[in-house]
Each structure stands twice: as structure tokens, then as C-alpha cells.
Amino acid sequence: MMQVFILSSLSLMFIGLYGVLTRKNLLKIIIALNIIETGINLLLVSFGYIDHGITPILTSQESILNLNKMVDPVPQALVLTSIVIGLGTTAFALALAIRYKITHNSISINASEEEEGRGI
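As the structure is a prediction and not an experimental result, all values here were calculated from the model.

Novice: Tell me about the packing of helix α1 (residues 2-22) against helix α2 (residues 26-47), and please be specific about residues and values.
Specialist: For the pair α1 and α2, interaxial distance at closest approach is 8 Å and the crossing angle is 160 degrees. Considering their axes alone, α1 and α2 lie roughly antiparallel with respect to each other. Crossing hand, α1 versus α2: left-handed. Together, M2, F5, I6, S8, S9, L12, M13, G16, L17, G19 and V20 of α1 and I29, A32, L33, I35, I36, T38, G39, I40, L42, L43, S46 and F47 of α2 make up the contact between the two elements. Across the contact of α1 with α2, the residue classes tally to 16 nonpolar, 7 polar and no charged.

Here's what the structure looks like:
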């Protein structure tokens, strides 16, 4: 099962990388970066996955004896932090895209290249 998670996360990362490298629209690039982030988060969670694992809550003597069957909670905590940071950076990137639209009257990267060629 872990191989499916790793394969899915790698495919998401490569799809996002393809989107970043081939698109000229800023919104599509931001969406592709979010797809890469999702792939990385899935990869981190898959590292902490254990088949038929139990929740890492120590409530009884029996749960203390089954420490090797517990799922690792550290990658899950890292992914939760990553989601919050990703939300903030996406909001900032969208604000920059709006600013770019106001100044260049386009959300395409080609607009700034055309202005540089004219000497503006």
C-alpha cells in the first residue's frame, strides 16, 4: 500500500513540475505549485504509514506494549504545518499575481518579456 502512496505523490510532483515549466499564465503556475505541494505532503505522510497500524495514543498498558505497531505522528504534524504555510504562501502569490495584473494589464509572463523588449 505504501508503494501506491509513493507512486501517487511522485506523479503529482511531476505533473506540477510540468505545469510550472510549460505554462505562462501566473494562475496556472500557482496551481501547479500547489499540486507539487500536495505531492510532497502525501509523500511525507506515506513515510509514517504502517499497514494495520494503530493510533499513537497511550491509554493503557496494552497500547504501551504495541509501540512498534503505532503510526508515526511526526510526519502528520509536519504535513499539518506545511498545509498552513502553503495556504499563506498561496495567498501571498495570488496577491502578487493581482499586483502583476494591475501593473502589466495581463497575467501572462509574456507581457513582461514584451515590455522589456520595447525598452519600457
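Back to the write-up after that little detour.
Novice: Kindly report on the packing of α2 against helix α4 (residues 74-104), identifying the contributing residues and their values.
Specialist: Between α2 and α4, the shortest axis-to-axis distance is 10 Å and the interhelical angle comes to 175 degrees. Of the possible angle classes, the one that applies to α2 and α4 is roughly antiparallel. When α2 is examined against α4, the residues L26, L27, I30, N34, E37, N41, L44 and V45 are found in contact with a partner set consisting of P75, V79, S82, I83, G86, T90, A93, L94, A97 and Y100. Taken together, the residues of the contact of α2 with α4 sort by class into 12 nonpolar, 5 polar and 1 charged.

Novice: Describe the UniProt feature "transmembrane region" (unreviewed entry) in the protein, naming the residues involved and giving the relevant values.
Specialist: Residues annotated by UniProt as "transmembrane region" (unreviewed entry) correspond here to residues 6-22, 29-50 and 77-98. Helix makes up 86% of residues 29-50 and strand 0%. Its end C-alpha atoms lie 34 Å apart. When the span residues 77-98 is considered, its composition is 100% helix and 0% strand, and the gap between its end C-alpha atoms is 32 Å.

Novice: How would you explain a nonpolar patch on the surface if you had to name every residue and give the values?
Specialist: Taken together, I40, L44, F47, V74 and L78 make up a surface patch of nonpolar side chains, about 440 Å² in accessible area. Contributions of two or more residues to the nonpolar patch are made by α2 and α4. It is α2 that provides the largest number of residues to the nonpolar patch, a total of 3 residues. Among the secondary structure elements, L78 is positioned in helix α4.

Thresholds applied
- Throughout, residues of each chain are indexed from 1 in the direction in which the sequence is written.
- Only residues with pLDDT of 70 or above have their local features reported here, since the model is predicted, and side-chain atom pairs are shown and tallied only from 80 upward, although totals for entire chains, interfaces and linings are computed over all residues.
- Processing note: side-chain calculations cover all non-hydrogen atoms of the structure and skip hydrogens and water entirely.
- Interaxial angle, 0 to 180 degrees, is taken between N-to-C directions of lines fitted to C-alpha atoms, where a helix line uses only the stretch in contact.
- What counts as a helix is a DSSP run of H or I of at least four residues, what counts as a strand is a run of E of at least two, and both are numbered from the N terminus.
- For classification purposes, angles smaller than 35 degrees are called roughly parallel, those larger than 145 roughly antiparallel, those between 65 and 115 roughly perpendicular, and all remaining angles oblique.
- Crossings are assigned a handedness: left-handed for a near helix turned anticlockwise from the far helix by less than a right angle, right-handed for a clockwise turn.
- A contact between two residues is defined here by any heavy atoms of the two lying within 4.5 Å.
- Polar here means any residue other than Ala, Val, Leu, Ile, Met, Phe, Trp, Tyr, Cys and Pro, which are nonpolar, and Asp, Glu, Lys and Arg, which are charged; Gly is therefore polar.
- UniProt positions are given in the numbering used here, feature names are shortened, and annotations may be inferred rather than shown by experiment.
- Patch definition: residues with relative accessible area over 30% and no salt bridge; like charges joined within 9 Å; nonpolar side chains (Val, Leu, Ile, Met, Phe, Trp, Tyr) joined within 5 Å.
- In this description, accessible areas are obtained by the Shrake-Rupley approach with a 1.4 Å probe, and a residue is regarded as covered only by the protein chains that are shown.
- Should a side-chain nitrogen of Lys or Arg be within 4 Å of a carboxyl oxygen of Asp or Glu, the pair is scored as a salt bridge.

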